[in-house]
Every structure is written in C-alpha cells, then in structure tokens.
Amino acid sequence: MTSKNLNKIQTKKRKPTTKSGKSRAKRGTRRIWLILLQLFTVGIILFFTFFMLVYLGFTGHVPSSRQLNEIKNPQASEVFSEDGKLLGRYYVENRSNVRFDEISPNVINALIATEDARFYEHRGIDEIALMRVFFKTILLQDRSAGGGSTLSQQIAKNLFPRNNMWVFSMPVNKLREAIIAYRLERIYSKEEILTLYLNTVPFGENIFGIEVASERFFSKSPKNLTVDEAAVLVGMLKANYTYNPRINPERSKTRRNVVIGQMVANDFLTEAEGDIFQAKPLELKYRRISYNEGPAPYFLEMLKPELLEWCASHTKENGEPCNLYTDGLRIETTVNYDFQYFATQSVQEYMKNLQNVFDDHWKDADPWRGDASILQRAVKRSERYNAMIAGGKTEEQIDAAFQQKIKTTLFTWDGLKQVETTPIDSVKYYLNYLNAGFLAIEPSSGNLKAWVGGIDFRFFKYDHIVSKRQVGSTFKPFVYLAALENGLSPFDYYPNEKKVYEDYQDWSPSNSHGEYEGFYSMEGALAQSLNTVAVDIMVQTGIDETIATSRELGIASDLPEFPSLALGVASMSLKDLLFAYATILNRGVRVQPNYLVSIANNQGETLEEFSPEPAEPTSLNAVNCQIVTRMMQSAVNNGTGTSIRSVYQIPGDFAGKTGTTQNHSDGWFVGMTPNLVTGCWVGAEDPGVHFRTIRFGQGAYMALPIVGKFFHKLYRDSRYKNMQYASFPPLNDELLADLDIPHYKELFELEREENFIERLFAGESKEDKLREIRDPKQSKEKPKVWETIKSIFKKKK
C-alpha cells in the first residue's frame, strides 16, 4: 500500500473523530449555558424571594407610602423672648425644622457636590454610583472610591435605623433603604427631599438638623451661612466627631476645603472662588442653646411644669395630647433677650470676682468651720444621695459609696475641670461656692424681663429666684409703709437708741455699725438702714398692723409676730419680694407675674394666647406708697446704696434698698426705676456658709454690684439708654416741700424746735396738723404757721 493510499485511509479515519469532538464541545457549551441559565434563574428567584422578604417587612419594618407621607420627627419645642430670639428648647432630640427657602443655597450646593452629585438625575437609587461601589469598593477594595447611597437612602437610614441581621445585615439594610428611598422620591419633590435630609441629619453633640447646627457653631440662621461655613457643616456629615470644628479645628478646616473642592469640581464655584474660600481661616461663633444651657435655663425650668400641664389639657388633630418634647411647639414669652443677656453677664462677671474674695477670705479653712451638720445637710441634698435612697441603699452603703473615688466633671469659674475624686469631696467642693439669683420685672404689667436663677444650671439646679431665704433689711420699706398707713408721721424724728423690749424676752436690737446717737426721720432711718429705729417704729405701729400691710402688698410667707420681723427674719423668695416692691412703686396697685404670651404649633398656627391677670387695687394709700419710694431714693442717693451712683454711675430716678441677714448669710439689693424693678440675692446654698465680717457680707457688697452692672450695661446700649430719663410719678408740690427736712438731728436741735412748735400750736393737736399737711386736698389751706415751721427746718439743714 502506497503512502498516498495510507494517508487517504488515515484521513478518512480522522473525519468522524472531528465531528464527534465538535459535538461534544457544543454539548459542553450548551451545558454551561444551561447551568448559567439555571443559576441565573435561581438567582432571580432567590433575589425575588429576598426582595419580597425585605419588601414585605419580614426583615424589618418598611414604611408604606402613606406612612412616609406623614413623616414626623421628634421636634424640639422652642421658647422665644419678646423680641423673637431663642431662649431654649425642650426636646428628646435637639432638633428644629426649617423650610427650603430658609436654607442658604451654599448649603444645598455643598451638600449635593459632596454627598450626591447626581441628585437631580436619579429617582432615589443611583445605579451608576452602585456600579462604582461594586467594582471599586467591593472588588478592588478601594475604600476611597466613595459610597453609593443617595441622599434619599441616607434619609431612610436616618429616619429608620438599621436592623442587625448578622451576615445579612448589609444587603438587607441596603435593599430596605433603597425601597424606602424610591418611595420617598415618588412622594416628595427634590426640594422637599433636600429639606427633609437637612432637618434629620445628625451633627454630633446631640444636635440634629441644619438649623440647630448653624445656630450652635456660627450663631446664625442657616439662611445666612456663607460658602465656607456651609462647607464646614456639610463636611461634618462624614464623621461628626472627627470633623467637629470646635474639637478638631485643623481636621475640620481640611475637610471644609475638600468640600469646597467638590463644589468647584461640580461647577458650583469657580476655581478662583474656591481658592478664596479655601484660604479663609476657620472662624466659629459657638453658642449652646439647649435645655441645660443657653440664655435662660432657669426660666425654662420654672416654665416647664406649666407647659406640661397645658399640653396635658390640649389635644392635637389626632386626639392625642400635645407633647412638649416632640411636637415642636413655639412658645413666646415676655422675657427681653437683651435684658436676660445683660443680667447673665452681670451675675457671671461679679460672682467670679466675689468667689475669689470668698476663697481668699477663708484661705485654707472650711467655711462651715467644722460643723458636721452643714456637711451632712449638703450630702442629703445631693443628687447621688437621693438616687441611692430611691434605689433602696442603706446609710452604710451610701457612706461607703461616698468614699470611693470616681471620675467626674467639676464646675470652676475658669471652665469645666475633669478630676478623679470622691463624692464626699465633691460635696465639700461645692459647699464653698457662693450663688446668686437675679430678677427683673416690669412693674406696670408684671411682665418678667430677665430671670437668672443661679450661676450655672448644669451644676446648680436650685433656683434662687423661687427659693426662700431671710430677707433682712429689704423688709424695712414694708415697716415704714405700715407706719404711714397707721398714722405715724414722716416729719417726726425717732431716737436711735438701743432699747430692751421687756415684753419680748428682753430682746434688744442693735445696729450693724454699733452707733446709737441722735434722732432720725423715717427717710433718714430707712436710708441708713437703722435697726433700732425700724423696730421702734414697728412696735409703735403694731406688729399685726405691719403684717396686715405686708399681706396687702401680696406677701404670703409666714411672718413671725415678733419685733425682729422689722429686721427681716422672715423668709421669702426674691420673686415675691420684688412683686411687693412693685406694688409700692405702682402706688398700691398689685400685679401678678406674667410671662407667657402665646403657644403655637410647629406650623406657626396659634393654639392659645395668654392675657395677664388684671391689676388689683389694694387698700394702700397711693401717697404713702410714693413717700416710701422717695425714702428708697434717699437710700440710693445718700444711704446704704450710694455705690449705685458713685461706682456704677447710674443716672436718673432710682430707688433701692440693701438687705443683710444674721451672720451675713444673705446679701440682698432691690433696685427700682420707673419702668423696671430688679432684685438680686447672693449667698451660699447653706446659710451656715458665709463671710465672717459685715464688710464683705453686706448686701451692698454682695448683691448691689450685680444690679449696678446690669443697669450700667442697659443704659450704655443705644436701644435702651432713653430708659434713664423716665421719672417716678411726682408727689404733690406742697407735700414734697414738707418732706424736705433733715434726715438727722441732734437732741438739742430737736428739743428747741419741738418747744417752738408746741408754743406755736397753743394747744392744738399736732397730729391733726400733720395729717392735714399730708393731705393734698387740704394743703392749699394750711395755716401760715406751717410755712414758718418749714422755713425753720430748711435753715437747720
């Protein structure tokens, strides 16, 4: 067989083999495709099953379109001053909602450029971004490639927290968020999506939403944010703590510039504009306004029970009671924001200085001087002690716990201090602190204008405007008013002598300066705050009569039926004291505290407006009230309150009264102008802690400076400087002239003038003539003899 034939035979034999191979290859390919098709089908079925499990809520609640259409975040209720400025919030989450037109375009542009550049092109799910995440982030493990979540998906994550599904957590939650995002985009417009996002996103520090963030870090509304400020806040969304401009300013600035770079890359800014904003320094105007902090935390705490009661008795459209913490109520009050600011500043400035004086006064000694009862009272007032008692702990367990060291934050006037100390040492630490209360009211209406209940609400919850302490000599104006009401003369002179009151256990009052000489008019005695004269006048008037006059002024506190009442041994609150003074200033007309103006819902619809209670006339004589006001003017002009003029340079009509209690435990000062009644109390939380000397412990040193600083700041402000030109209602000219007598006389002067007057009267009743001279209707017909008396008195001046 030739090789040619052999080749033919071999070729013929190979042909069927080739056909069989091709067939097998085709069958293999078909098998692979079939397997792939089967896998794809199974995948589709599994994905559909997975999708339906998520969609139907088996892996966690997926809100319906109807529920999404009724999204309501817990929204803080806000309290505003009379001039529309925010005083504080009540909240579960510190959140406040704004409209789209109340947000700066700079914020919108920075947000879109950084978080969702294709925001206006997708319908809740960005497929292109998802593909980028799949290939770069998942397959190539490039964590810097960015996420695929749209703003709508982020809203879903913020509003509906993720569920823990073990290894399935990520796919389940991502799909759930995609479903919610798609539904959101069908319900809301793009502008509404942006608004919803910016109202719900967290910014750290327990704040939510662009309005609260803008207010906290830049002290402005989100409408007024500049490009660089908007970039700072949007930059925080990547990591609230890491890029917090207060805590990490350099990191925040770097992140801010990244955001500005994104704005340039997405054509929201030109390169030149980007360079300008990136070169700017990071400038904050940080301000905390919350429940514990802000301009008026003590006022909010005082207001809270009344608001809770109001909410319990008022329902929403769905029939549920209003909720102070979640319904976003808008509460308007009578407080003046500037007055509140001046008051807070005055308290903080002076109390920091006074605390240094107090610490130096005691040096290394304990102000409670080893009195174990003072320390024990402080322990039992502490939150820790009361919490442990409520938890069923025994005294032995509590004592042991108070000896164990803990990490805590302490208040200091130089900022908060992190320390490791025992609870008992912490109690001792705070026992050394002096505190204060300041209140300002409008006497004609009873409107509260400023309310500072302490030096720092975070650490000192006790409100010293409503707490009761002995009022000291601030009670004396009530004594003198009672005397006038019961016929004692403002023209008589009263001996400044140390008396023993045998009917009252041989009690004998003394003056703080220890001097007992001469005779004083009522005005002179009140101006110098003489204890001896005040007690003498009250005994002549009658203790019951003095108490009755005090009740007419609105004082409801317990008033002891003892001559020491004249020295202010009764305890009352600063608020009650000031409203009694306001009644005097109002010439016997009593007003009630007024502070609520209106309450509106989160849509701005007024739910209720509040009217002040009508003023209530009393039986008090208007002229007598004016005379007492004049006496208190003398206390400021040439008495115990002269530093109002000499140190703080307060011009215009001003009346006031200092007050100091036993052992210098309490310092008081009430300062009045024609349109404002202010008062201040200063002391330690426990009366057993105080200055050792009258020099530092008197009201003129402890409390008056705060009132002085307040009016100094007020009158320096161009918006309020005209207040200094207001005048007290004038007295009748004749009576005013009659009151123009010396405050003090020596014995020989008084005897000579009394003898002359007795001879001049020739047996007539001096009391009748004195009443006549005080009566404006009869004063025009006074005998010429009174003109002679007045001329004598003027010469003696």
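See the structure printed just above.
This structure is a prediction, so every number in the text was calculated from the model and none was measured.

Cut-offs applied
Residues numbered from 1 in each chain as written. Predicted model: local features only at pLDDT ≥ 70, side-chain atom pairs only at ≥ 80, totals over all residues. Heavy atoms only, no water. Helix = DSSP H or I, 4+ residues; strand = E, 2+ residues; numbered from the N terminus. Contact = heavy atoms within 4.5 Å. Areas by Shrake-Rupley, 256 points an atom, 1.4 Å probe, with all protein chains shown as cover. Buried < 20%, exposed > 50% of the residue type's maximum accessible area, 1.4 Å probe, protein only. Pairing = 2+ DSSP bridges. Axes fitted to C-alpha atoms, helices over the stretch in contact; angles between N-to-C directions. 1 Å grid on protein atoms, 1.4 Å probe; cavity = no way out; pocket = protein on both sides within 12 Å on 5 of 7 lines; lining within 4 Å. Points joined across faces, edges and corners; volume = space filled by probe spheres on them. Nonpolar A, V, L, I, M, F, W, Y, C, P; charged D, E, K, R; others polar. Core = buried A, V, L, I, M, F, W, Y, C linked by side-chain atoms within 4.5 Å. Salt bridge = Lys/Arg side-chain N within 4 Å of Asp/Glu carboxyl O. Arc of directions from axis to C-beta. Parallel < 35°, antiparallel > 145°, perpendicular 65-115°, else oblique. Left-handed = near helix turned anticlockwise from the far one by under 90°. Phe/Tyr/Trp six-rings, centres within 6.5 Å; stacked < 30°, edge-to-face > 60°. Lys NZ or Arg CZ within 6 Å of the ring centre and 35° of its normal.

## Describing the overall build of the protein
Looking only at helices and strands, one finds 32 helices and 21 strands in the protein. Within the protein, residue pairs in contact and separated by at least 24 positions form 70% of the contacts whose partners lie at least 6 positions apart. Looking at the protein as shown, the accessible area adds up to about 38,700 Å², and 51% of this sits on carbon and sulfur atoms.

## Details of the environment of Pro-105
Within the secondary structure, Pro-105 is located in helix H3 (residues 105-115). Of the residues examined, Pro-105 reaches a relative accessible area of 55% and is grouped as exposed. Residues Pro-105 and Pro-222, spaced 117 residues apart in sequence, show a C-alpha to C-alpha distance of 9.6 Å.

## Brief notes about unusual backbone geometry
As a rule of thumb, non-glycine residues mostly have phi less than zero, and peptide bonds are mostly trans rather than cis. In the Ramachandran plot, Asp-267 falls in the positive-phi region, its phi being about 65 degrees despite a non-glycine side chain. Along the chain, Asp-267 turns up in the loop between helix H10 (249-265) and helix H11 (271-279). Take Asp-267: its relative accessible area is 70%, and that puts it in the exposed class. One non-glycine residue with positive phi stands out, namely Asp-506, at about 55 degrees. With respect to the element layout, Asp-506 can be found in the loop between strand S11 (494-495) and strand S12 (519-520).

## Focus on the sheet that holds strand S9 (residues 448-452)
Note: strands within a sheet are paired through backbone hydrogen bonds, in either parallel or antiparallel orientation. What the five strands build is an open sheet, ordered S9-S8-S20-S19-S18; its pairing is antiparallel. Every other strand in the sheet has two partners, leaving S9 and strand S18 (655-660) as the edge strands with one partner each. Along the sheet, successive strands turn relative to each other by an average axial angle of 10 degrees, direction set aside. In this sheet, S9 lies alongside strand S8 (residues 434-441) in antiparallel orientation, the contact comprising four bridges. For Ile-441, the partnering residue across the bridge sits in S9 and is Leu-448. In the packing of helix H23 (residues 622-638) onto the sheet, contacts are made with S18 and strand S19 (666-673), and the angle to S18 comes to roughly 70 degrees.

## Side note on empty space enclosed by the protein
One pass over the full model with this rule turns up two cavities of 30 Å³ or more. The volume enclosed by the second largest cavity comes to roughly 40 Å³. By residue class, the composition of the lining of the second largest cavity is five nonpolar, one polar and one charged.

## What to know about the nonpolar core
Within the largest apolar cluster, 146 residues are counted, with the highest numbers of intra-cluster contacts made by Phe-299, Ile-331, Met-351, Phe-438 and Leu-714. Among the elements that take part in this core, helix H13 (residues 337-362) stands out by supplying eleven residues, more than any other. Aside from chain neighbours lying at most four places away, what touches Leu-714 is Phe-339, Phe-342, Leu-676, Tyr-720, Lys-721 and Met-723. Residues Val-107, Val-201, Ile-210 and Val-264 belong to the second largest nonpolar core, which totals 49 residues.

## Section: the sheet that holds strand S16 (residues 606-609)
The five strands lie next to each other as S2-S1-S5-S15-S16, forming an open sheet whose pairing is mixed. Strands at the two margins of the open sheet, each flanked by one partner only, are strand S2 (86-90) and S16. Here the average twist between neighbouring strands, direction ignored, is 20 degrees. Both strand S15 (residues 596-600) and S16 contribute to a ladder of three bridges, which runs antiparallel.

## Details of the pattern of salt bridges
Applying the stated rule across the entire model yields 31 salt bridges. Lys-280 is the salt-bridge partner of Asp-228, the closest N and O atoms lying 3.5 Å from each other. One end of the pair, Asp-228, is in helix H9 (residues 227-236); the other, Lys-280, is in the loop between H11 and helix H12 (297-312), and 52 residues separate them in sequence. For Asp-228, a relative accessible area of 8% puts it in the buried group. In this structure, the salt-bridge partner of Arg-630 is Glu-523, at a minimum N-O distance of 3.0 Å. Of this pair, Arg-630 sits in helix H23 while Glu-523 sits in helix H19 (residues 522-527), and the two are 107 residues apart along the sequence.

## With respect to helix H17 (residues 423-431)
Among the residues making up H17, those that are buried are Pro-423, Ile-424, Ser-426, Val-427, Tyr-430 and Leu-431. Across the axial projection of H17, the buried residues extend over an arc of 160 degrees, all falling on one side. Of the surrounding elements, those touching the buried residues of H17 are helix H14 (372-381), helix H15 (383-390), helix H16 (395-401), strand S6 (406-410) and strand S7 (417-421).

## A look at the pairing of S6
In terms of strand pairing, S6 meets S7 through five bridges, oriented antiparallel. Of the residues in S7, the one forming a bridge with Thr-409 is Gln-418. Taking the residues between adjacent antiparallel strands as the criterion, S6 and S7 are bridged by six residues, where Gly-415 takes a positive phi near 115 degrees.

## Overview of the packing of helix H8 (residues 210-218) against H9
Across the interface, H8 lies against H9 with an axial gap of 11 Å and an inter-helix angle of 120 degrees. Relative to H9, H8 is oriented oblique. The hand of the H8/H9 crossing is right-handed. In this structure, H8 contributes Ile-210, Ala-213, Ser-214, Phe-217 and Phe-218 to the contact, and H9 contributes Glu-229, Val-232, Leu-233 and Met-236. Tallied by class, residues from the contact of H8 with H9 come to seven nonpolar, one polar and one charged.

## Considerations on the pairing of strand S1 (residues 77-80)
Regular strands have side chains that alternate between both faces of the sheet. Where burial is concerned, the two faces of S1 agree: the one with Ser-77 and Val-79 and the one with Glu-78 and Phe-80 are both buried. Where S1 lies against S2, four bridges are found, and the strand directions are antiparallel. Counterpart to Val-79 in the pairing with S2 is Gly-88. Adjacent in sequence and paired antiparallel, S1 and S2 are bridged by five residues, among which Gly-84 carries a positive phi angle near 80 degrees. Relative to strand S5 (residues 330-333), S1 runs parallel, the two being bridged by three bridges. Paired with Glu-78 across the strands is Arg-330, a residue of S5.

## What about the packing of aromatic side chains?
This structure, assessed with the given rule, holds 30 aromatic pairs. Arranged with centres 5.1 Å apart and planes meeting at 75 degrees, the rings of Tyr-429 and Tyr-430 form a pair that is edge-to-face. Classification of Tyr-429 by relative accessible area gives partly exposed; the value is 24%. Taken together through their ring pairs, the aromatic side chains of Phe-339, Phe-438, Phe-654, Phe-710, Phe-711, Tyr-715 and Tyr-720 make up a single cluster. For Arg-330, the ring lying beneath its charged end belongs to Phe-80, and the centroid distance is 3.8 Å. Taking the ring centre of Phe-457 as reference, the NZ or CZ of Lys-461 above it sits at 4.2 Å.

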